[in-house]
Structure formats: structure tokens, C-alpha cells
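Inside the fold
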Amino acid sequence: MIVLPLEWFPLNRPSAGDYFHMAYNVITPFLMLKLVERAHRPVSRTAVHLCIVTFVMGASIHLVGDSINHRLILSGYQLHLSVRENPIIKDLKPASLIDSFELLYYYDEHLGHLMWYIPFFIILLIYFSGCFSGSEDQQKIPVSGWLLLGPSSLYYWYLVTEGQITELFLLTFLAMLAMMVFQRRRGLGPDSNGSFLFYSFSVTVLLVSLWVAYLWNDPVLRNKYPGLFYVPEPWSYYTLHIRKSH
């Protein structure tokens, strides 16, 4: 284990992180429902409930795949390499077992993420649409909000980088920006909750940009993430640069 002794959490049992993930899968949907209830304007309950159901299913799929992948790290699995390039995978017999690990990777990094993050950001966008007010008093962010801005931005940074959802995040951010421009023309502005969410996303854009700039010339990660948006995962950085040095 990275922090806790391996003897406390054997490889054939859930890890400490898995239990936190289980708690996340229960607590986060509940908090999102409570969050939507605080919107000043009514929102579609049907859309919210459908997103919550999909969110829980996607996060649960990811929980299983992520748990196994992190256990494989302890056996020498390297996240900065593809499944077939990993030393502990490429020589498996029969070779069809590699297909099973690729299926696991697909459930974890693709299907699970899509079913998790798409409804997550849709709910945030629905919530944001109900956070506009004409009162200047409601638009002021309290001191507690400014103090939480950093942790909130770091949380979204981790979601974007580890979840590989840069495109989805940027689309949500642009939709929020367009919504603000439209509402401004009607004489409305985001209340304190809406402003907090928008500023959190703005700082997240800065953090992701700094992360990409820091790893811009890394040839190994460049090979692992060849898409339009080069945004390496923190766990890949860990297995490539940190774990090797210990």
C-alpha cells in the first residue's frame, strides 16, 4: 500500500481507498440532491434523478475496475504503459487473458468514466442554471466560500486529469460561461453558490494548464496520451516518476 501497511488490506480484499470510494458513491449523490434543492429556481427533477442513477452505476463500475488496477500496481503494473505493453501482462498464457484485462481497462477508464462524469457535470450545469438572482446581496461569496475555493478546485483538477475528461469539463465550463452572458443580458447574475462553482471551474482550468505545461516534454507520457488534449493522469505520473524512485 502507498500509505497504510499491506497487511491491513490483503490483495484479495478491498483497500482503504476502496472503502472511501464506496462512501463517495453514497455520499456524493445524496449531497448533489441536496445541492439541487438549494437552487433558487425550479429544475427538472426527472432529469436530476436519471442522472443520479446513471452516476451511481458508472461510479460503481469504476470502483471495481479501479480497485483491481491499483492492486495490480503492487504487483508491478505500470499505468503509464498500455495494457499489452505492461511487463506483467504481455506474457500471460493463454494470450486471450490479455483481452480480459483490456476489457477491465475499458470498463474502468472508458465506460465507467462516461457513465460517472457525464451525469455528474449535467447535474452541476442544471444546478448552475438555477443559481441566478437579481439581488446583489445574494451574489456575494462569504469568507467560508473563498476558503473552500482551493480545495474545490483541486478536487475538480483531480477529476479532470485522472478521469481523462478534459473535453467534457471544457464543454461544461463554456456552457456555464454562455449561460452567464445570457443571464447578464437579462439583468441577472450568479448568486454566491453559482459564483463559487464558476470560480472553482476557472481555477481548475488554470491548474490543469499548469499540470500540462509541467509535463509537456515528457516523452513516455506523450506516447501514452496521444489525443487532441494532452492531459496525463496523476497515477501514471506516479508509477513513472515517483514509484520508480522508491
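First things first, this report covers the structure right here in the doc.

Description of helix H6 (residues 192–214)
Given 3.6 residues per helical turn, the α-helix brings residues three or four places apart onto the same face. Compared with an ideal rise of 1.5 Å per residue, which puts 23 residues at 33 Å, H6 spans 33 Å between its outermost C-alpha atoms and is within 8% of the ideal. Where H6 is buried, its residues contact helix H3 (96–129), helix H4 (143–163), helix H5 (166–185), strand S2 (189–190) and helix H8 (234–242).

Side note on the nonpolar core
Residues Phe120, Phe121, Leu124, Phe128, Tyr156, Leu197 and Phe201 are the most contacted members of the largest nonpolar core, which totals 44 residues. Among the secondary structure elements, those contributing two or more residues to this core are helix H1 (16–37), helix H2 (45–73), H3, H4, H5, H6 and H8. When residues in this core are grouped by element, the largest group, 9 residues, is from H3. Sequence-distant contacts of Leu197, defined by excluding residues within four places in its chain, comprise Leu124, Tyr127, Phe128, Tyr156 and Met176. Counting residues in hydrophobic clusters, the runner-up holds 9 residues, among them Tyr77, Ile89, Trp235 and Tyr238.

Brief notes about the packing of aromatic side chains
Within this structure, the stated rule accounts for 20 aromatic pairs. Centre to centre, the rings of Phe173 and Phe198 are 5.4 Å apart; their planes meet at 15 degrees, and the pair counts as stacked. Residue Phe173 is found in helix H5, and its partner Phe198 is found in helix H6; the two are separated by 25 residues along the sequence. On the accessibility criterion, Phe173 (15% relative accessible area) is buried. Grouped by ring-pair contacts, the aromatic residues Tyr24, Phe55, Trp116, Tyr117, Phe120, Phe121, Tyr155, Tyr156, Phe169 and Phe201 constitute a single cluster.

Details of unusual backbone geometry
Put simply, Lys93 and Pro94 share a cis peptide bond, and its omega is -5 degrees. Here Pro94 lies in the loop between H2 and H3. At Gln164, a residue that is not glycine, the phi angle is positive and equals roughly 55 degrees. By secondary structure assignment, the location of Gln164 is in the loop between H4 and H5. Classification of Gln164 as partly exposed rests on a relative accessible area of 28%.

A short note on the environment of Leu149
Along the chain, Leu149 falls in helix H4. Considered as a pair, Leu149 and Val181 are 32 residues apart in the sequence and their alpha carbons are 22 Å apart. Not counting chain neighbours up to four residues away, the residues in contact with Leu149 comprise Phe196, Tyr199, Ser200 and Val203.

Reading the values: the criteria
Every chain begins its residue count from 1, and numbering advances along the sequence as written. Owing to the predicted nature of the model, reporting of local features is limited to residues with pLDDT of at least 70; listing and counting of side-chain atom pairs is limited to 80 or more, with chain, interface and lining totals taken over all residues. Excluded from the side-chain calculation are hydrogens and water; included are all heavy atoms of the structure. Starting at the N terminus, helices and strands are each numbered in turn, a helix being any DSSP run of H or I of at least four residues and a strand any DSSP run of E of at least two. Multiplying one less than the number of residues by 1.5 Å gives the expected span of a helix. Contact between two residues is taken to exist if any of their heavy atoms lie within 4.5 Å; hydrogens are not considered. Nine residue types can take part in a nonpolar core, namely buried Ala, Val, Leu, Ile, Met, Phe, Trp, Tyr and Cys, and a core is a set of them joined through side-chain atoms within 4.5 Å. With a 1.4 Å probe rolled over the protein chains alone, any residue whose accessible area is under 20% of its type maximum counts as buried; one over 50% counts as exposed, and the rest are partly exposed. Stacked, tilted and edge-to-face pairs are distinguished by plane angle, under 30 degrees for stacked and over 60 for edge-to-face with tilted covering the rest, among Phe, Tyr and Trp rings (Trp via its six-membered ring) whose centres lie within 6.5 Å.

Shape descriptors only; they carry no functional weight alone.
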